[in-house]
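# Remarks on the overall topology
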Amino acid sequence: MEPREYRFTYEVYNTLDELSVEDRELAMAAISAMEGSYAPYSGFNVGAALRLENGTIVKGANQENAAYPSGICAERTAMFSAGANYPDLAQRSIAVAASQNGILCASPASPCGACRQVMAQYQTKAGKPMSVILVGGERSYKFARVDDLLPFIFDNI
Ligand code: THU
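For every chain, the first residue of the written sequence is number 1, and numbering continues from 1 onward in sequence order. Side-chain atom pairs in this predicted model are given and counted only at pLDDT of 80 or more, local residue features only at pLDDT of at least 70, and totals for whole chains, interfaces and linings cover all residues. Excluded from the side-chain calculations are hydrogens and water; all other atoms, namely the structure's heavy atoms, are used.

Bringing the packing of aromatic side chains into the picture now. When the centres of two rings from Phe, Tyr and Trp lie within 6.5 Å, Trp using its six-membered ring, the rings pair. Their planes under 30 degrees apart give stacked, over 60 give edge-to-face, and anything left gives tilted. Tallied over the entire structure, the rule returns eight aromatic pairs. With centroids separated by 5.5 Å and ring planes inclined at 85°, the aromatic side chains of Y10 and Y141 adopt a geometry described as edge-to-face. In this pair, Y10 sits in the segment before β1 (11-13) while Y141 sits in strand β7 (residues 140-143), placing the two residues 131 residues apart along the sequence. Burial status follows relative accessibility: with a 1.4 Å probe on protein chains alone, a residue under 20% of its type maximum counts as buried, one over 50% as exposed, and anything between as partly exposed. Under the relative-accessibility criterion, Y10 is labelled partly exposed at 43%. For the pair Y10 and F143, a centre-to-centre distance of 5.2 Å together with 15° between the ring planes defines the contact as stacked. Of this pair, Y10 sits in the segment before β1 while F143 sits in strand β7, and the two are 133 residues apart along the sequence. Three or more aromatic residues joined by ring pairs form one cluster here, namely F8, Y10, Y141 and F143. Runs of H or I in DSSP of at least four residues are treated as helices and runs of E of at least two as strands, each being numbered from the N terminus.

Have a look at this one:
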């Protein structure tokens, strides 16, 4: 037996002003994307903004349904929309923001396992890292690549 350590670093931002111009624009787009959230059951409004390799921003928001499993998260709404409408453009960065009762959550919402898996596959499809920015009212995080949120990614393509 040989113990191995898995390490990664991520960035913590106390204000959005500390982000690069591009990342700040994406974070703001995630915040505005929350307007498209349809969350009558959870009351948890999530917005996602995805930047493609040509700079285009694609937004998504969570969509809930009376048949609960039919609903979908903000992140997958954005990624599937980009995948369907811009199939040849790499998805390079995704920002996520969430609010409750109209107030941006102080701590960033962290993507669910299903969304991480979908991020992983678009990253593999692109052959380039996709960064992940989690936006919160009191602090935000930036991860350089999806692997940092999903080590030992399942990937069979
Ligand atoms: N949700 C997202 O859209 N993204 C996340 O990262 C976490 C959870 C949604 C799913 C559901 O509509 C609501 O938030 C409550 O879980």
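From this point, the narrative continues.
Now for the layout of surface pockets. Residues are called lining when one of their atoms sits within 4 Å of a cavity or pocket point, these points coming from a 1 Å grid over the protein atoms alone, where a cavity is a set in which a 1.4 Å probe fits but cannot get out and a pocket is an open set with protein on both sides within 12 Å along at least five of seven lines. Grid points are joined across faces, edges and corners, and a volume is the space filled by probe spheres set on the points. Space inside the largest pocket adds up to approximately 270 Å³. For the largest pocket, the lining is made up of 19 residues, of which V46, N62, E64, I72 and C73 are closest to its centre. The nonpolar class holds Ala, Val, Leu, Ile, Met, Phe, Trp, Tyr, Cys and Pro. Asp, Glu, Lys and Arg form the charged class, and all remaining residues, Gly among them, are polar. Grouping the amino acids of the lining of the largest pocket by side-chain chemistry returns 11 nonpolar, six polar and two charged. Looking at the second largest pocket, its volume works out to about 180 Å³. Secondary structure elements with two or more residues in the lining of the second largest pocket: α1 (21-33), β2 (44-52) and β4 (91-100). Here the residues of the lining of the second largest pocket are counted per class, giving two nonpolar, three polar and six charged.

For the rest of this paragraph, the subject is the site of the ligand. By convention in these notes, a residue is near a molecule or strand provided one of its non-hydrogen atoms lies within 4 Å of it. For the ligand, the full set of nearby residues is S42, F44, V46, N62, E64, C73, A74, E75, S110 and P111. In this structure, an oxygen atom belonging to the ligand sits 2.9 Å away from a side-chain N or O atom of N62. In this structure, E64 approaches the ligand through a side-chain N or O atom, which is 2.5 Å from an oxygen atom. Its free accessible area being 370 Å², the ligand has 76% of it covered by the protein chains. For the ligand, the cavity whose grid points lie within 2 Å of the majority of its atoms is the largest pocket. Mapped onto the shell around the ligand, the elements with two or more residues apiece are β2 and α2 (74-85). The definition of a polar contact used here is a pair of N or O atoms within 3.5 Å, where within protein one atom must be able to donate a hydrogen and the other to accept one, and adjacent residues in sequence count solely through side-chain atom pairs. Accessible areas in this description were obtained via Shrake-Rupley with a 1.4 Å probe; residue shielding takes into account the shown protein chains only. To qualify as sitting in a cavity or pocket, a molecule needs more than half of its atoms within 2 Å of the grid points.

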